[in-house]
Each structure stands twice: as C-alpha cells, then as structure tokens.
Amino acid sequence: ITVRGDQSTAVASAVNDSTARVRLIGDESTAVATAVEDGYAVTRVTGDTNVASSVAVGETAIARITGADSTASATATDARAEATTFGDGNAAQATDGKAVISGDGSTATADGPGSLARVWGDRSTASALGEQNTAFVWGDDSRAIAGPGTGNTAISLGTNPPPLFRSPSKSHISRTRLR
C-alpha cells in the first residue's frame, strides 16, 4: 500500500494465495483492493476526491483513476475486469469486462465477460451489457449502448471527435498539396 496526500484512505485485503495492491496519490480519495481465491486486485488513484475499488475472485481486477472527482469499480468473478478513467468527473464500472474513459464527465459500463465500453470525449456514455459486447463513443455529448445479449457492437461519433475522425482543415489540405 502506498498513500500520499491528505485525508485519503487505502485498504488492501488478500486471502487464499491472492494479491491485493493499492497506490493512492492525492487528497480526500479512497482506494480499496480485495482479492480472494488466487485473485489479483490492483487499485491505483492519482488525483483528488476520487473513489476506486477492485474485487478479484480467482481472476484479475484493475481499477485506475487519473484525474479528479471520479469513480472506478472493477469486479472480476468470471473474467478479467478493468475500469479506467483519465480526466475529471468520470464514472467507470466493469464487471468481468473493460470500461475505459478518456475525457471529462463521462460514464462507461462493461457488464459481462469480454465486454468493452470505451469513451473518448466529454459528457458521453458507453454501455456494453452482456457477453462479448462492444460500445464505443468518439466525441462529446453522445451515447452508445450494446446489449443486452451476446456479440453486439454500438458505435457513436459525437461532436468534436478526436483528430482521427475530424475532417481535415483547409490549411492542412493546402500544406498536403504543396509537399
């Protein structure tokens, strides 16, 4: 356990050949890792006023936050679970799946083995509910929901998508033609 900051709490608990690790750097944050039955739980928090938890039952669970005012929860009982946020005011929840956010004020939920919910943007939501479902959001103010069921995919391109999806600017086109 590593804790640096004021008014923060970190707890790690492991039994039955399990490993639990916690690293918390920030003020007024909470990080908890619980592992049982040969599980591996890791919780990492960098920033202020965050809450993160990982619970691993015979699997691997990873909860990570970089930013402020966010939550991340990873629970692994049937498959690896990972909940990660980069930015402020986010909420990522993964149960036997992977939920990842890059942006501010967004939510991602992956609930089911092999499911993936991914947000690149602000104020957006991605939900993958069921087995092997994928929900992607690129840009702001958008929503993608895949599931319930198995093998579903939902993709949403919102306002201000990342540069990969933006139309090239006129100055970029001009520079490209000159080369």
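Here is what the cut-offs are and how they apply
Residues numbered from 1 in each chain as written. Predicted model: local features only at pLDDT ≥ 70, side-chain atom pairs only at ≥ 80, totals over all residues. Heavy atoms only, no water. Pairing = 2+ DSSP bridges. Helix = DSSP H or I, 4+ residues; strand = E, 2+ residues; numbered from the N terminus. Phe/Tyr/Trp six-rings, centres within 6.5 Å; stacked < 30°, edge-to-face > 60°. Buried < 20%, exposed > 50% of the residue type's maximum accessible area, 1.4 Å probe, protein only. Polar contact = N/O pair within 3.5 Å; in protein donor to acceptor, adjacent residues only side chain to side chain. Contact = heavy atoms within 4.5 Å. Patch = residues over 30% accessible without salt bridge, like charges linked within 9 Å, V, L, I, M, F, W, Y side chains within 5 Å. Areas by Shrake-Rupley, 256 points an atom, 1.4 Å probe, with all protein chains shown as cover. Salt bridge = Lys/Arg side-chain N within 4 Å of Asp/Glu carboxyl O. Lys, Arg positive; Asp, Glu negative; His and termini not counted. Charge placed at Lys NZ, Arg CZ, Asp CG, Glu CD. Axes fitted to C-alpha atoms, helices over the stretch in contact; angles between N-to-C directions.

Chemist: Help me understand the pairing of strand β7 (residues 60-66), please; the structure alone is not making it clear to me.
Modeler: Both faces of the sheet carry side chains from a regular strand, because those side chains alternate between them. For strand β5 (residues 40-46) and β7, the ladder comprises 7 bridges, and the chain directions are parallel. Note on β7: the bridge partner recorded for Tyr-40 is Thr-60. With 6 bridges connecting them, β7 and strand β9 (residues 81-86) associate as parallel partners. Residue pairing in the sheet places Ile-62 in a bridge with Glu-82 of β9.

Chemist: Could you clarify how one ought to interpret the packing of aromatic side chains in this entry?
Modeler: Any pair of aromatic rings gets described here by the distance separating the centres and the angle formed by the planes. Counting across every chain of the model gives 3 aromatic pairs. Centre to centre, the rings of Trp-120 and Trp-138 are 5.5 Å apart; their planes meet at 5°, and the pair counts as stacked. With Trp-120 in strand β13 (residues 116-120) and Trp-138 in strand β15 (residues 134-138), the pair connects residues that are 18 residues apart, well separated along the chain. Trp-120 sits in the partly exposed class, given a relative accessible area of 28%. Ring-pair connections join several aromatic residues into one group, and the members of that group are Trp-120, Phe-136 and Trp-138.

Chemist: I tried to follow the side chain of Thr-84 on my own but got confused; where do I start?
Modeler: Counting through the fold element by element, Thr-84 comes out in strand β9. A polar atom in the side chain of Thr-84 sits 3.3 Å from the side chain of Glu-82. Every residue in contact with Thr-84, bar those within four places of it in the chain, is listed here: Arg-64, Ala-92, Ala-99, Val-100 and Ile-101.

Chemist: Would you mind showing me how to read a negative patch on the surface here?
Modeler: A grouping of Asp-6, Glu-28, Asp-48, Asp-69, Asp-88 and Asp-104 is seen on the molecular surface, where their side chains present a negatively charged patch. Within the secondary structure, Asp-69 is located in the loop between β7 and β8 (71-76).

Chemist: Before we go on, may I ask you to explain the pairing of β8 in this structure?
Modeler: Burial along β8 is one-sided: the face carrying Ala-72, Ala-74 and Ala-76 is buried and the face carrying Thr-71, Ser-73 and Thr-75 is not. Where strand β6 (residues 51-57) lies against β8, 6 bridges are found, and the strand directions are parallel. Its bridge partner being in β8, Ala-56 is matched across the sheet by Ala-76. Relative to strand β10 (residues 91-95), β8 runs parallel, the two sharing 5 bridges. Across the sheet, residue Ala-74 finds its bridge partner in β10, namely Ala-94.

Chemist: When you look at the sheet that holds β7 in this model, what are you seeing that I'm missing?
Modeler: Backbone hydrogen bonds hold the strands of a sheet together, and the pairing may be parallel or antiparallel. Strand order in the open sheet formed by 9 strands is β1-β3-β5-β7-β9-β11-β13-β15-β17, with parallel pairing between adjacent strands. Lying at the two open borders of the sheet, with one neighbouring strand each, are β1 (2-4) and β17 (153-157). Neighbour-to-neighbour, the strand axes of this sheet turn through a mean angle of 5°, independent of strand direction.

Chemist: Teacher, can you tell me more about the side chain of Thr-43 here?
Modeler: Residue position: Thr-43 is located in strand β5. With a relative accessible area of 0%, Thr-43 lands in the buried category. Only 2.7 Å separates the side chain of Thr-43 from the side chain of Ser-54, close enough to count as a polar contact. When neighbours within four sequence positions are excluded, Thr-43 is seen to be in contact with Arg-21, Val-22, Arg-23, Ala-31, Val-32, Ala-33, Ala-52, Ser-53, Ser-54 and Ala-63.

Chemist: Please explain the pattern of salt bridges as it appears in this structure.
Modeler: Side chains that differ in charge, positive against negative, can pair when their charged atoms come close. Scanning all chains against the criterion turns up 3 salt bridges. With a shortest N-O distance of 2.8 Å, Arg-123 and Asp-141 are connected by a salt bridge. Here Arg-123 is found in the loop between β13 and β14 (125-129), whereas its partner Asp-141 is found in the loop between β15 and β16 (143-146), with 18 residues between them in sequence. A residue is classified by how much of its surface remains accessible, and Arg-123, at 48% relative accessible area, is partly exposed.

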